[in-house]
Amino acid sequence: MKLDGKVAVVTGAGNGIGEALARRFAAEGARVVVTDIEPEAVSRVADDLGTVGLAADITEPASVRAVAELARDSYGEVDVWLSNAGVAGPRQPRDLQDDSLWDLMWRLHVLSHLTAAREVLPSMIARGDGYLVSTASSVALAIQPEKAAYSVTKTAALALAEWLAVQYRPFGVKVSCFCPGPMLTRMLLSNEFAPDHPALAQALTPEQVADVVTAGIAAERFLITTQPGAEHSLADKAADYDAWIGQAGHFLADSPPVGN
Ligand SMILES: NC(=O)c1ccc[n+]([C@@H]2O[C@H](COP(=O)([O-])OP(=O)(O)OC[C@H]3O[C@@H](n4cnc5c(N)ncnc54)[C@H](O)[C@@H]3O)[C@@H](O)[C@H]2O)c1
């Protein structure tokens, strides 16, 4: 899809990848609506882009509705909805035990994507056009030891995107799932990796990531990744599940997990 002239909503647009994508979408000619839970970040990005924004917790269905209404009232029906907001969360053992963390991650990484789809799909189907993009993670392809809630909810985000693609592509709705490896944002840096950690060497800048995602959208490719061969872990898993599980555990013993 060409973004020029399209109405695009970006969640988690106050920082990191969401901010870089909001800026890139605007540079491509889209009319962008930015939303984030951090009010100052929303104002900064919206003011810079000369566009509208809403500070909102996207885990609340009423917030999703309010963002969609802002987009419609300001620019018209939503053409592209990028569900990107996310949190990294703590490592084991806290993350396995913490019910409130599981609840937050489920609502943020999965249900907010579903609520957005519910909100914009009727109009997209009626027009036979539209695009749902969700940010999951490479951990949805390969699992991240030490982060149960993050790994499981990002995998569920990929499953939801797959389901939406299968169900709605025949009606003209495009769907992409963005499964990046490490990216140089505050989320990655919050891991406090040592300066020589491989995740930092592999990490792409937000601007490089914006190139990758806009190219994926232009090609209308379902799976968008930042690391060459990232999707091979799906093939490895399918080829020999037991070997794959052993290998994933080995990775934990050898080196700390990379990415978020
Ligand atoms: N940085 C990485 O290495 C990496 C790797 C793979 C996937 N991801 C995913 O990429 C996405 C963007 O992350 P980032 O690296 O740009 O991190 P980031 O922390 O810079 O940006 C995330 C944004 O989401 C917002 N947000 C969090 N909770 C929210 C809520 N309830 N409602 C609305 N907004 C909320 C934050 O305020 C922040 O602006 C996330 O979904 C993350 O899981 C990141």
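The structure presented is a predicted model; accordingly, all values stated were derived computationally and were not measured. (Residues numbered from 1 in each chain as written. Predicted model: local features only at pLDDT ≥ 70, side-chain atom pairs only at ≥ 80, totals over all residues. Heavy atoms only, no water.)

In this fold, Arg-65 is placed in helix α3 (residues 61-74). Taking the C-alpha atoms as reference, Arg-65 lies 8.4 Å from Thr-115; in sequence the two are 50 residues apart. (Helix = DSSP H or I, 4+ residues; strand = E, 2+ residues; numbered from the N terminus.)

A word on the pattern of salt bridges. Proximity of charged atoms lets side chains of opposite charge pair with each other. One pass over the structure, following the stated rule, counts 13 salt bridges. Across the pair Asp-48 and Arg-23 runs a salt bridge whose closest N-O atoms are separated by 2.9 Å. Note that Asp-48 is positioned in helix α2 (residues 39-49) and Arg-23 in helix α1 (residues 16-27), a separation of 25 residues in sequence. On the accessibility criterion, Asp-48 (51% relative accessible area) is exposed. With a shortest N-O distance of 3.8 Å, Arg-65 and Glu-119 are connected by a salt bridge. With Arg-65 in helix α3 and Glu-119 in helix α5 (residues 99-127), the pair connects residues that are 54 residues apart, well separated along the chain. Several salt bridges share partner residues, and in doing so they unite Glu-19, Arg-23, Arg-44 and Asp-48 into one network. (Salt bridge = Lys/Arg side-chain N within 4 Å of Asp/Glu carboxyl O. Buried < 20%, exposed > 50% of the residue type's maximum accessible area, 1.4 Å probe, protein only.)

The environment of the ligand is made up of 30 residues, and the closest members are Asn-15, Asp-36, Asn-84, Tyr-150 and Thr-185. Ile-58 is positioned with one of its backbone polar atoms (N or O) 3.0 Å from a nitrogen atom of the ligand. At 2.6 Å, a side-chain N or O of Tyr-150 approaches an oxygen atom of the ligand. Contact with the protein chains hides 97% of the accessible area of the ligand, taken as 820 Å² for the molecule alone. Applying the majority rule of atoms within 2 Å of the grid points places the ligand in the largest pocket. (Near = heavy atom within 4 Å. Polar contact = N/O pair within 3.5 Å; in protein donor to acceptor, adjacent residues only side chain to side chain. Areas by Shrake-Rupley, 256 points an atom, 1.4 Å probe, with all protein chains shown as cover. 1 Å grid on protein atoms, 1.4 Å probe; cavity = no way out; pocket = protein on both sides within 12 Å on 5 of 7 lines; lining within 4 Å. Sits in = over half its atoms within 2 Å of the grid points.)

Attention now moves to the packing of α3 against α5. The contact between α3 and α5 brings their axes to 9 Å, and the two run at 40°. Between α3 and α5, the angle is such that the two are oblique. When you trace α3 past α5, the crossing you get is right-handed. Here Pro-61, Val-64, Arg-65, Ala-68 and Arg-72 of α3 lie close against α5, whose contacting residues are Thr-115, Ala-116 and Glu-119. (Axes fitted to C-alpha atoms, helices over the stretch in contact; angles between N-to-C directions. Parallel < 35°, antiparallel > 145°, perpendicular 65-115°, else oblique. Left-handed = near helix turned anticlockwise from the far one by under 90°. Contact = heavy atoms within 4.5 Å.)

Further remarks concern the side chain of Thr-153. Secondary-structure assignment places Thr-153 in helix α7 (residues 148-168). On the basis of relative accessibility, which here comes to 2%, the residue Thr-153 falls in the buried class. A polar side-chain atom of Thr-153 sits 3.0 Å from a polar atom in the side chain of His-109. In this view, Thr-153 contacts Met-105, Trp-106, His-109 and Val-110; residues no more than four positions away in its chain are not counted.

Considering all chains together, one arrives at zero disulfides under this definition. Free cysteine Cys-177: the closest other cysteine sulfur is in Cys-179, separated by 3.9 Å. The exposure class of Cys-177 is buried, given its relative accessible area of 0%. (Disulfide = S-S within 2.5 Å.)

Positive phi is not limited to glycine here, since Ile-143 has a value of about 65°. Relative to the helices and strands, Ile-143 resides in the loop between α6 (139-142) and α7. The phi angle at Glu-146 is positive, at roughly 80°, despite the residue not being glycine. Structurally, Glu-146 can be placed in the loop between α6 and α7.

The subject of this paragraph is the pairing of strand β5 (residues 130-135). With six of six residues buried, β5 lies mostly within the body of the structure. Where strand β4 (residues 80-83) lies against β5, four bridges are found, and the strand directions are parallel. Across the sheet, residue Ser-83 finds its bridge partner in β5, namely Ser-134. Relative to strand β6 (residues 173-179), β5 is paired through six bridges, and the arrangement is parallel. Considered in β6, the bridge of Thr-135 is made with Phe-178. (Pairing = 2+ DSSP bridges.)

The subject of this paragraph is the side chain of Thr-35. Locating Thr-35 in the fold gives a position in strand β2 (residues 31-36). The class of Thr-35 is buried, set by a relative accessible area of 2%. Each residue touching Thr-35, except ones within four places of it in the same chain, is listed here: Val-10, Thr-11, Gly-12, Ala-13, Val-42, Leu-54, Ala-56, Ile-58 and Val-67.

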